[in-house]
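So you can see what is in the structure, the chains are spelled out below.
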Amino acid sequence: LINIMNSIKRVRSNSCPGSKKVKEFIGLGADLLPSELPTLRNVLQLMLLEMESLDTNLQYVLKEIVYEAAKKSSCKIVAQYKKVNINIQIQPNHYIVQRIEKEWKRVTQTVWGRVKSSQKNKLYNEIDVLFDILRCKHIIICKEDPTCSDPKCSHSAISPTCNCPSNLKIPKIELKFIKAQRLKIGMKSVYQIHCIDKKEYTRLAKQCKRKEKPLISKN
Ligand SMILES: [Zn+2]
Ligand SMILES: [Zn+2]
């Protein structure tokens, strides 16, 4: 009986949980855009891509598929933020992985119609905005006009209420870029990732690769 139970519980890793309905809602699996910080939709599409590229010879249970894909996605998202500026401070990795797992669950529950319409609307409003993993959550405003909410604003930006310790503050030269990213709806902001610290980025990308060792499932 235990054997039967196990075989029911296990799925081939290339059959993503609820993938058809999820795809209808978020789109096909896709890698991150090289010049943009990801929206929640980008993160979920990356999850699909990572799930599809898991080693199909290994058998995972559903929870493991999501966890493995979330770890790989998190690594790429972190590298993307560090590409903006290596000194930018982001949330700890395990926290980002947990958040991705939570968002994945939220989307699958939504496409299966297991949530209230208010929660569904909340997801609609959040799916195309920045997946913000910055440590500093303080508001960034236009220096010329504090009420300006134009995503194309070309003025410099300030974060007047930020009282983060100096090592956690968003680097001053990135404030304008981050402000535009936080205001964008959809994939693209007018400002794109420009200054790439190539050496550091290559190091991070290599680190991502190294972490991709195959998982032997525990049970
Ligand atoms: Zn402005
Ligand atoms: Zn702050």
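Please refer to the structure placed before this passage.
Before going into details, it helps to say that this report is about the structure given with it. None of the values given here were measured: they were computed from a predicted structure.

## Quick look at the overall build of the protein
For step 1, the next point in the chain: What the protein contains, in helices and strands, is eight helices and four strands.
For step 2, the next point in the chain: Going residue by residue from the N terminus, the α and β elements of the protein occur as α-β-α-α-β-α-α-α-β-β-α-α.
For step 3, the next point in the chain: Looking at the protein residue by residue over its 219 residues, the buried ones come to 43%.
For step 4, the next point in the chain: Counting only carbon and sulfur atoms, one obtains 55% of the accessible surface of the protein, whose full area is about 12800 Å².

## A short note on the packing of helix α2 (residues 19-26) against helix α3 (residues 40-52)
For step 1, the next point in the chain: It is at 10 Å that the axes of α2 and α3 come closest, and there the two elements cross at 150°. Considering the relative orientation of α2 and α3, their crossing is left-handed. Contacts between α2 and α3 involve Lys23, Phe25 and Ile26 from the former and Arg41, Leu44, Gln45, Leu48 and Glu52 from the latter.
For step 2, the next point in the chain: Its residues placed into classes, the contact of α2 with α3 shows four nonpolar, one polar and three charged.

## Here we look at the coordination of the zinc ion (ligand 1)
For step 1, the next point in the chain: For the zinc ion (ligand 1), the full set of protein donor atoms is Cys142 (SG), Cys148 (SG) and Cys153 (SG), and the range of their distances to it is 2.4 to 2.5 Å.
For step 2, the next point in the chain: Counting gaps between the donor residues of the zinc ion (ligand 1) yields the pattern C-x5-C-x4-C. Taken individually, Cys142 and Cys148 each receive the classification buried, so the pair is uniform in this respect.

## A closer look at α2
In an α-helix there are 3.6 residues to a turn, and that puts residues three or four apart on one side.
For step 1, the next point in the chain: Taken residue by residue, α2 has Ser19, Val22, Phe25 and Ile26 as its buried positions. In a view along the axis of α2, the buried residues occupy a sector of 125°, so they form one face of it. Those residues of α2 that are exposed and angled more than 90 degrees off the buried face are Lys20 and Glu24.
For step 2, the next point in the chain: Packed against the buried residues of α2 are α3, α5 (93-111) and α6 (117-126).
For step 3, the next point in the chain: Downstream of α2 by a residue or two, Gly27 has a phi angle that is positive, lying close to 100°.

## Notes on the pattern of salt bridges
For step 1, the next point in the chain: Tallied over the full model, the rule gives 12 salt bridges.
For step 2, the next point in the chain: Lys76 is paired through a salt bridge with Glu50; the nearest N and O atoms lie 2.9 Å apart. You can see Lys76 sitting in helix α4 (residues 62-84) and its partner Glu50 sitting in helix α3, a full 26 residues away along the chain.
For step 3, the next point in the chain: A relative accessible area of 27% places Lys76 in the partly exposed class.

## Focus: the coordination of the zinc ion (ligand 2)
For step 1, the next point in the chain: Summarising the metal site, the zinc ion (ligand 2) is bound by the protein donors Cys136 (SG), His138 (ND1), Cys162 (SG) and Cys164 (SG), whose distances to it range over 2.2 to 2.4 Å.
For step 2, the next point in the chain: In this structure, the zinc ion (ligand 2) is coordinated by four donor atoms arranged in tetrahedral fashion, with angles at the metal of 101 to 116°.
For step 3, the next point in the chain: Read in sequence order, the donor residues coordinating the zinc ion (ligand 2) give the pattern C-x1-H-x23-C-x1-C. Of the two residues, Cys136 is situated in the loop between α6 and β3 (141-142) and Cys162 in the loop between β4 (157-158) and α7 (175-183); the sequence distance between them amounts to 26 residues. This pair shows no difference in class: Cys136 is buried, exactly as Cys162 is.

The rules behind each value
- Residues numbered from 1 in each chain as written.
- Chains lettered and ligands numbered in written order.
- Predicted model: local features only at pLDDT ≥ 70, side-chain atom pairs only at ≥ 80, totals over all residues.
- Heavy atoms only, no water.
- Helix = DSSP H or I, 4+ residues; strand = E, 2+ residues; numbered from the N terminus.
- Buried < 20%, exposed > 50% of the residue type's maximum accessible area, 1.4 Å probe, protein only.
- Areas by Shrake-Rupley, 256 points an atom, 1.4 Å probe, with all protein chains shown as cover.
- Axes fitted to C-alpha atoms, helices over the stretch in contact; angles between N-to-C directions.
- Left-handed = near helix turned anticlockwise from the far one by under 90°.
- Contact = heavy atoms within 4.5 Å.
- Nonpolar A, V, L, I, M, F, W, Y, C, P; charged D, E, K, R; others polar.
- Donors = N, O, S within 2.8 Å, 3.2 Å for Na, K, Ca; no water.
- Arc of directions from axis to C-beta.
- Salt bridge = Lys/Arg side-chain N within 4 Å of Asp/Glu carboxyl O.
- Tetrahedral: all angles 85-135°; square planar, octahedral: opposite > 155°, others 65-115°.

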